[in-house]
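Tertiary structure, described
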Amino acid sequence: YMHPEVGVCSEDATLFGRNYFERASAPDVESMEEAEERAKILAEAAALKQLASDYMHPEVGVKTTDPTLFGRNYFNRYSAPETEDERAEILAEAAALKKSAVAYMHPEVGVCSEDATLFGRNYFERASAPDVESMEEAKERAKILAEAAALKQLASDYMHPEVGV
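Residues numbered from 1 in each chain as written. Predicted model: local features only at pLDDT ≥ 70, side-chain atom pairs only at ≥ 80, totals over all residues. Heavy atoms only, no water.

Remarks on the overall build of the protein chain
Note the threshold: Counting from the N terminus, the helices are the DSSP runs of H or I reaching at least four residues and the strands are the DSSP runs of E reaching at least two. It is over C-alpha atoms that the radius of gyration is taken, and the globule rule equals 2.2 Å times the number of residues to the power 0.38. Think of it in three bands: with a 1.4 Å probe and only protein chains considered, a residue is buried below 20% of the maximum accessible area for its type, exposed above 50%, and partly exposed in between. All accessibility values rest on the Shrake-Rupley procedure with a 1.4 Å probe; residue burial counts only the protein chains present in the view.
The secondary structure content of the protein chain amounts to 3 helices and 0 strands. Reading the protein chain from its N end, one meets helices and strands in the order α-α-α. Taking 15 Å as the expected radius of gyration for a compact globule of 165 residues, we find that the protein chain reaches 43 Å, considerably beyond that expectation. With respect to the principal axes defined by its C-alpha atoms, the protein chain has extents near 125 × 80 × 30 Å. A burial count over the protein chain gives 2% of its 165 residues as buried. Surface summary for the protein chain: the accessible area is close to 17,600 Å², and the carbon and sulfur share equals 60%.

Printed below as a string of structure tokens:
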């Protein structure tokens, strides 16, 4: 058992065994190169799975135990410039951007204004605005114009017989 390379020696003719690894129906055995290639492929698949998980869950964060990795905080050092005013400005800009994004993504909410100096004029619904045609009216108009063009051509043909057909 401890030395399989030695082999089995037997002199009794009634002893026999069956080789399950070299029979015709035995599964194929991988070569060393195939096993190494398979291990590489499985390692790449595991790395891709990890990358996909990191991409889909950014809230998890990055974890490391390597003591050689470090970072320096340039914002909390004593020689750093004052950032309180900048922080307030950045937060105000972020709030304005959020408000703008919400207004863009939800046009059904409408615009609320409390300033009396703000006004706008609707040029489409004023009394002097030209009427807007419906689709049926536009089709009817196109049909009438086509008939008028055909009648004009007939009149021109009738008035000038010298022009050939």
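Here the narrative resumes.
What about the environment of D131?
Here D131 is to be found in the loop between helix 2 (84-105) and helix 3 (135-159). Remark: the alpha-carbon pair of D131 and H3, spanning 128 residues in sequence, is separated by 101 Å.

Section: the environment of I144
Locating I144 in the fold gives a position in helix 3. Sequence spacing of I144 and V132 is 12 residues, and the spatial spacing of their C-alpha atoms is 18 Å.

Focus: the pattern of salt bridges
The test is simple: The term salt bridge refers to a side-chain nitrogen of Lys or Arg lying within 4 Å of a carboxyl oxygen of Asp or Glu.
Inspection of the entire model under this criterion finds 2 salt bridges. The partner of R38 in a salt bridge is E30, and the shortest N-O contact between them spans 3.7 Å. Classification of E30 by relative accessible area gives partly exposed; the value is 42%. Two residues, E133 and R141, come together in a salt bridge whose shortest N-O distance is 3.5 Å.

Concerning the environment of I90
Considering the arrangement of structural elements, one finds I90 in helix 2. By relative accessible area, I90 is classed as exposed at 56%. Each C-alpha atom, one on I90 and one on A127, is 46 Å from the other, the two residues being 37 residues apart in sequence.

Considerations on the confidence of the model for the protein chain
As a reminder, the rule being used: What pLDDT reports is the predictor's confidence in each residue, on a scale of 0 through 100.
Scored by pLDDT, the protein chain comes out at a mean of 83, with 95% of its residues at no less than 70. Ranking the elements of the protein chain by mean pLDDT puts helix 2 last with 88 and helix 3 first with 94.

A closer look at a negative patch on the surface
Heads up, the condition is: Patch rule: a residue counts if its relative accessible area is over 30% and it has no salt bridge; like charges are joined within 9 Å, and nonpolar side chains (Val, Leu, Ile, Met, Phe, Trp, Tyr) within 5 Å. Charged residues are defined here as Lys and Arg on the positive side and Asp and Glu on the negative side; His and the ends of the chain fall outside this count. Lys charges are placed at NZ, Arg charges at CZ, Asp charges at CG and Glu charges at CD.
A cluster of acidic residues, D28, E33, E34 and E36, forms a negative patch at the surface. Tracing the chain through its elements places E36 in helix 1 (residues 32-56). Looking at E36, the relative accessible area reads 48%, which means it is partly exposed.

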